[in-house]
Every structure is written in C-alpha cells, then in structure tokens.
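A structural walkthrough
Chain by chain, the residues:
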Amino acid sequence: MQEPIVRTEAVEKTYLLGKTEVRALRGVDLTIEQGDFVSVMGPSGCGKTTLLNLIGCIDRPTAGRVFFDGHDVSSFSDDQEADTRLSGMGFIFQSFNLVPVLTAAQNIEFPLILAKRKRSERRKRVDSVIEMVGLEDVRDHRPDELSGGQRQRVAIARALVNEPRLVIADEPTANLDSETGEAVLSAMARLNYEDGVSFLFSTHDERIVSYARRIVRLRDGAVVGEGAR
Amino acid sequence: MILELVARSLVRHRGRTLLAVVAVALSVMAVILVSALVDGLEGGFLEQLTGRSGHVRIQAGAEHELDAYSLEDVIPEYSALRDRVAELPRVRAAGALFQLEALLLVEEGRRNFPVVATGVELDPEGRPRDLLAEVRRSLTTEPGQEPGDGADFGEGPSQADAPEDLPPYGDLLEARSPREGSFRLRSLDGDSPYGEAPDRETPGVEVAGGQTAARSSAAPFPPDEGAIVISQRVADLLEVSADEPVVLLSEDVTGAPVYRSLRVAALFQTDDPDFDRTSVFLAHETAEEMAYQYGATRQIALFLDDRADALAVAERIREMLANTPGAGLGGPAVGIVSPERSGVEPASGEGRGADNSSESPGEPGGLRVRTWEQIHEGFLVTLELFDLVRVLIVALMVVVAGGTIANTILMSVFDRAQEFGTMRAIGLKRRAAFGLVVAEGAVVALAGVTLATILTVPVLLAVPEGGVYVGEVGVAFGVGERLRPVLTLSSWLTAAGAGLGVALVGAGYAGYLLWRSPITSLLREE
C-alpha cells in the first residue's frame, strides 16, 4: 500500500498568549493520500491555519508527530524543513503574499532560484506554469498592477512551479470575490485532477466546499468530523 | 535575481534607504574629516619637531642634553662626519646646526631680547627643504607681508652699512653671563682681538657631480654671513624690520663676550609663539665665528627618506663611530686656541675640542646619536593623545551613526516581515534571509561611503598647502592659526571601514532578529 503523503499522530499545539496557554490543536490525527483534495473547515480560531502550518513544516507541534512522505518532519532540522518546503510543498496564502518588488514571472521563478535550477530550465518551467494559470498577458506586471484573482493565480503558479507533491492553501479565496474565488478553486481542482497534485486547503466558506473531495471539520482544535463528500 | 531583489527592495523603500545612506555618509565624512585634521596636526607637529632636530641627530656630549650655554660640546671638523653620514643608505640629507645663547640688540642696546641663535648649514647636495621647513615656509622680507616661500630677497645693506660705535655691551652680557671670571669684549665687526680666523674653504654649495657653486646671494634661508633671520614676533618686540641692522651679542667658547652687527635678511612666523620668541637664525659660519669654534658644530641633523628608518640609521652611525675611532673628530676644532696662546682664561673648564677624540662612556666617539623619537619622547605623548581623541571621536560617531542605521534597517526589514516570512515559507533558509538583509546593508554602506567620498575628498584635496586660516579659534583650541587637513589612504580606509562596519553591524543585527523570528510570526505581520 502506498505511503500517505501526510500523516499526523496526536498532534497538539499550545501557544503562550502572555501568561495564558492557548491550546490551538488537541491531538489531531489526519492522513492525506497522494492526489487527495482535502478541505479543512471550521470557524475562525478553530486551529485550521495551525494545522496547515504544522503539516507545511512552518511550525512545530508541541506534542505528537507529523509525517511527510513517510519522514517525521517534527524532528527535522531547520535546513531540512526549508528543503522539504522548497522541494515537496507549495504554499498559497490568504493574502497572496507575493514579493512586491518582483514581477509576476519573477515571483513564480523565485522558488526555482532557491532550488538552484538552471536558467534555461527555469525559463521553460515558468512559461509552462504561466500558461497553465493563464497569466501570459501580465507576466511582467508587478503585484500591485494585478487584480486579486490574478495575484492569487500568480501565487498558485508559484506554489506549483517546483512540482510539489502537496499544495497547502490557507483560505485561498478569502480575499477574492465569489466568482474569482470559484475560478481559483476550479483551477486548483483541475490541477489536482489532471496532474495529480495533492491539495490541502482551509476555508470556512461553505459555498466552495463543493470542490473538495474530502472534508475535515475542526472545532476548538480537534477533528470533529471527517469524510468524503 | 537575489541582487536584483536587494536593489529593488532598496529602491522601493527609497525614503528609508536614503536616510540610511545619508547616515552612513555623514559618519564616514565625519571620520574622514576628523582623521584628516588629526593627521594634519600630527604631520605638522612631526614636521615641526623633526624639522628642528632632524630624524637622527648627532651631537657632542654623550651623556647629557645639548646645552646652548655650553659651547664646549662641539663636533670639531664636523664636515667629514657630515659627509660620511650623508652618504649612508636611506639618508636623504644632512646638515649642521650651531646653537648659541645670545642677546639681540637694537638702538644701541636700548631694546634687547634673549634668544637662541642657530647657525644653519644647508646640506651641500640635498639642500633639504625640511630642515626648519616651518621657518623657511613662512619667510617674508616685510612685516605684514603674507608669508610664503620664495619671497624676493634683494640685496640688503652690506656689512659696511652696519651701525658703528656700538656701545660697550660687556655690561649687559656680564649681567646675564652664567660664567664667572674676566673676559674681553670681542667685536667681529672689526679686527678680532684673537687674530685672524684660520683659513677655510670658501662657503659654497656642492652640487651633483662634485662641482661647487657659490650660494645664491638671494637665498632666503639660511641667511648669508652678515645676515640674520628673526621672527615677526621678535621684530615687533624690538621694533625692527627686514633689511634693518641688529646686533647679536653672545659669548665665545672662552667665555668672552662677542658681538656682531647683522642685517635682518627676513622675518618668519610659525604657529609656535614660544619658538618664534626664542629663535633667530644665522649662517653656520657666523655662529662658528662668534663661538670661536671654527670648523666645529653643535649637532648634525640627518633627514631620511622615511622617518621609520631612524632607529636603523642611528644604529648604523653608532657602528660606524665605534668601528672608526675618532670618526669625524679628527682633532681639535680649528678655531680653538689654547688659553696660553690667546692670553684669555676659559671661563670654566677646558674646551672639549682639544680632547674630543676620547670616547665618552655613553656613545662611541664622545658623540650622542639619537632618533627623533628619542629626542621628542615627551612630545610624542601628545601625539598619542591626538590618536586617543581620534579613536574616541570615531567611536562616538560609530555608536551614534550605528544606532541610526541599525534602526533604519530594522524598520525597513520588519516593514517587510511578511515578505521575508513568505520567502522563508517557500524555502528560503534562515542564513539566506540573513544574507539578504546584510547584502542590503552592504549596498547602503557602499552608497554611503561613495557619497561621503564624493563630498569630502575633493574638498580636502582643494585645501591649499598652507592650510586654512582659522585665526584665534584655532589658537584657542591649541591647534594653531591654520588647519592643514591631510587626506591619507589609511584615514579614508578607516572611514570607509567604519561606515561599512556600522552598516553591516546594523544590518547584521536586523538580520539576526529576522533569523530568530519564527515564520508564523513573520507571516502574521501586516
């Protein structure tokens, strides 16, 4: 049987907010298979972003373990975490988080530079993903010259450019109008279907849940429901 | 693209970038200016000191400092020794100096002033411009004329124009004389009571190729025989001006008073009022004549290509003197005559000229060889104070500018916290993020150093050789009436290094804080 791309075991995360302990996650067990399209749902403050950060090697659990591609990333060094994020994952953020001084194409190219790909290879790959997300006309525009939907498509292209096994998207449609949001989700669903890229995204918007093939519901830091749609 | 990213980030936040660049530039400019001023002060101070003493000095009397009163400490037949040391490697020039304690008199003695009269001999070949350069540089023939080298020195009145019927200066000298015993007043304006001076080579200038040329009568310094150079300050005190006659009254080696009327060939004015008030300059031959020490001198000053070689050259001279007993001391000074012959009792002790070939215990040949650092040991402490002040000022500027720059870079970095957080989330390693920030700091520093260099260096290079007149303000701060900033490569490097260091430390601190920040907290920043 194929190893799940992500597996969490009794993951807990506790923050200190001043002198107050905040338990963001309380023993979450979750498995994501290769090619999954998983939506994590729940109200604000339920721990969606925390869970995504732990799976994305951006944060470390207070207790429990996180496995990515069969490796326990909880014990990774800082550099190993960075390498894992660079080569194995792509990130899409709620507020797009593009580098404002770079053009759309340069933003997309940035992970390839970090991965030390050759210039010719980079150019080819950037052209490919730009075409994939339909940004040919605005490739040389800076983020502040793009619409919200275009920015998020740049973010999607940047997340995909290194051909990751998992794309983590934290509320990718939150700053988009419903039409644009659905277009973005359509693009993600198409990539999942056609290229087999696994997606894990968080949302509290019930309207766009229809795109997910599997839904994990969180409340107060714990999984309260899980199942295929 | 990383460098492009750095450049674009700096341009995007151009206001802060400009602030940081200006802060670096100001600190670099301040360090360059302070260093140039301190270097100028130090250089001027050292030039002044070594201009008076030479880089290496050979003097008679192995065990004690040169005493202007004591004419017994002389180097007889010094020219042979001078020529030998002048040919040593790394020696650029050598010249003799003959000091006399004297009184300068005008108006038949109604106005008089005690001075140290120094007989100056130019190096025959090298004609060292650094011997008493401060005097040479400020020579003028008229009171109130702007000092400058190469002033027009016309023919002055001849010896025949000297005042006649000088009063008996013996009373005046007797009142001042540290010696006891009887003496006869000796006038060099008429026949010497001791008879004719011994024959000697005509004073001349040996030029390259061994040819001898007569010294130019227009040469301002040292003055010709029969002339004297005094300071503007002394001239004011005695109410005398250039081309006017004065009388120099002193004692010879026997203790007998001696006077000579001299024409004021030129006036000088240095930044050192004490030096000006106590120093007058004669031809070396005139000093020999007055001291009755023909062919002798008090000291030989050597000028080197590099003053750092002084110790090695001094050692070489000591070896030379040790290996050649009596080197340059081939017998009694030419002009010395025994008391029996002259009928004059020496005022105290024996003239050293007669037994100068005996070696004193301190140095070979009864001579003392000292480097400029040994001669001016006390003054060099002052230079160390200059350096300390420079270090303190630079440190202060580094701290102040460093704080400003660190804050500016910190603000710039944490303004972009989310951007850095995103890059880290994408896969940028901590040290790479740190490197980005430091690279920004380096670009800011280079821009600041360039700006400071463009603004400061041409200004310093445009400062005239004579310096900038600051008048009483400079005097009040003890740095003289003129500031002569000197731009050196090392001071520019120090300033550039300080600017780079400050910016890199500031950027490094910001990078360190970024390094420590978790990605989640960076991503939360808006």
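Keep in mind it's a predicted model, so treat the numbers as computed, not measured. (Residues numbered from 1 in each chain as written. Chains lettered and ligands numbered in written order. Predicted model: local features only at pLDDT ≥ 70, side-chain atom pairs only at ≥ 80, totals over all residues. Heavy atoms only, no water.)

**Quick look at the pairing of strand E10 (residues 279-283) of chain B**
Looking along a regular strand, one sees side chains alternate from face to face of the sheet. All names here are of chain B. Most of E10 is tucked away, with five of its five residues classed as buried. Of the pairings in the sheet, the one linking strand E3 (residues 111-120) to E10 comprises five bridges and is parallel in character. If you follow Thr118 over to E10, its bridge partner there is Phe281. The pairing of strand E7 (residues 227-231) with E10 spans two bridges and is classified as antiparallel. Across the sheet, residue Val229 finds its bridge partner in E10, namely Phe281. (Buried < 20%, exposed > 50% of the residue type's maximum accessible area, 1.4 Å probe, protein only. Helix = DSSP H or I, 4+ residues; strand = E, 2+ residues; numbered from the N terminus. Pairing = 2+ DSSP bridges.)

**Re the sheet that holds strand E2 (residues 20-32) of chain A**
Residues and elements named next belong to chain A. Strand order in the open sheet formed by four strands is E2-E1-E4-E5, with antiparallel pairing between adjacent strands. Sheet topology places E2 and strand E5 (71-72) at the edges, where each strand pairs with a single neighbour. Where strand E4 (residues 63-68) meets E5, two bridges bridge the pair, whose relative direction is antiparallel. Bridge pairing in E5 places Phe68 opposite His71. Packed onto the sheet, helix H1 (residues 48-55) meets strand E1 (6-17), E2 and E4 and runs at close to 60° relative to E2. (Contact = heavy atoms within 4.5 Å. Axes fitted to C-alpha atoms, helices over the stretch in contact; angles between N-to-C directions.)

**Structural notes on the packing of helix H2 (residues 14-53) of chain B against helix H12 (residues 377-415) of chain B**
Residues and elements named next belong to chain B. Between H2 and H12, the shortest axis-to-axis distance is 9 Å and the interhelical angle comes to 175°. By the angle between their axes, H2 is roughly antiparallel relative to H12. For the contact of H2 with H12, a count of residues per class yields 22 nonpolar, six polar and six charged. (Parallel < 35°, antiparallel > 145°, perpendicular 65-115°, else oblique. Nonpolar A, V, L, I, M, F, W, Y, C, P; charged D, E, K, R; others polar.)

**A short note on the packing of aromatic side chains**
Under the counting rule described, the total for this entry stands at eight aromatic pairs over all chains. With a centroid separation of 6.1 Å and 10° between ring planes, the pair formed by Phe91(A) and Phe93(A) is classed as stacked. Each member of the pair, Phe91(A) as well as Phe93(A), carries the same accessibility label: buried. Members of the aromatic cluster, each reached through a chain of ring pairs, are Phe37(A), Phe199(A) and Phe201(A). Over the face of the ring belonging to Phe67(A) we find Arg7(A), whose NZ or CZ atom lies 4.3 Å from the ring centre. Over the ring of Trp372(B) we find Arg307(B); its NZ or CZ atom is 5.6 Å from the centre of that ring. (Phe/Tyr/Trp six-rings, centres within 6.5 Å; stacked < 30°, edge-to-face > 60°. Lys NZ or Arg CZ within 6 Å of the ring centre and 35° of its normal.)

**Side note on the interface of chain A and chain B**
If you look at the interface, chain A gives 27 residues, while chain B gives 22 residues. Buried area between chain A and chain B, summed over both chains or domains, comes out near 2300 Å², and the portion from carbon and sulfur atoms is 63%. At the surface where chain A touches chain B, the tally comes to three salt bridges. Arg430(B) serves as the salt-bridge partner of Asp78(A), at 2.8 Å between the closest nitrogen and oxygen. At the junction of chain A with chain B, the criterion picks out six residue pairs in polar contact (both at pLDDT 80 or more). Of the residues in the side of chain A that touches chain B, the class split is 13 nonpolar, five polar and nine charged. (Buried area = accessible area lost by both parts, 1.4 Å probe. Salt bridge = Lys/Arg side-chain N within 4 Å of Asp/Glu carboxyl O. Polar contact = N/O pair within 3.5 Å; in protein donor to acceptor, adjacent residues only side chain to side chain.)

**Some details on helix H9 (residues 310-323) of chain B**
Residues and elements named next belong to chain B. Between its first and last C-alpha, H9 extends 20 Å over 14 residues, near the 20 Å set by a 1.5 Å rise per residue. The complete set of buried residues in H9 reads Ala310, Val313, Ala314, Ile317, Arg318, Met320 and Leu321. The buried residues of H9 occupy an angular sector of 160° when projected down its axis, which confines them to one face. Along its buried surface, H9 packs onto strand E1 (56-60), helix H3 (78-86), strand E2 (91-106), strand E11 (299-304), strand E12 (367-371) and helix H11 (372-375). (Expected span 1.5 Å × (residues − 1). Arc of directions from axis to C-beta.)

**Some remarks on unusual backbone geometry**
Despite not being glycine, Lys116(A) shows a phi value in the positive range, around 60°. By the secondary structure assignment, Lys116(A) is in the loop between helix H3 (104-114) and helix H4 (119-133). One non-glycine residue, Glu239(B), lies in the positive phi region at around 55°. You can call Glu239(B) exposed: its relative accessible area is 57%.

**Brief notes about the confidence of the model for chain B**
With 71% of its residues at a pLDDT of at least 70, chain B reaches an overall mean of 74. Segment residues 172-183 of chain B: pLDDT under 50, and 30 contacts once partners within four positions in sequence are set aside and those in other chains are kept. (pLDDT = per-residue confidence, 0-100.)

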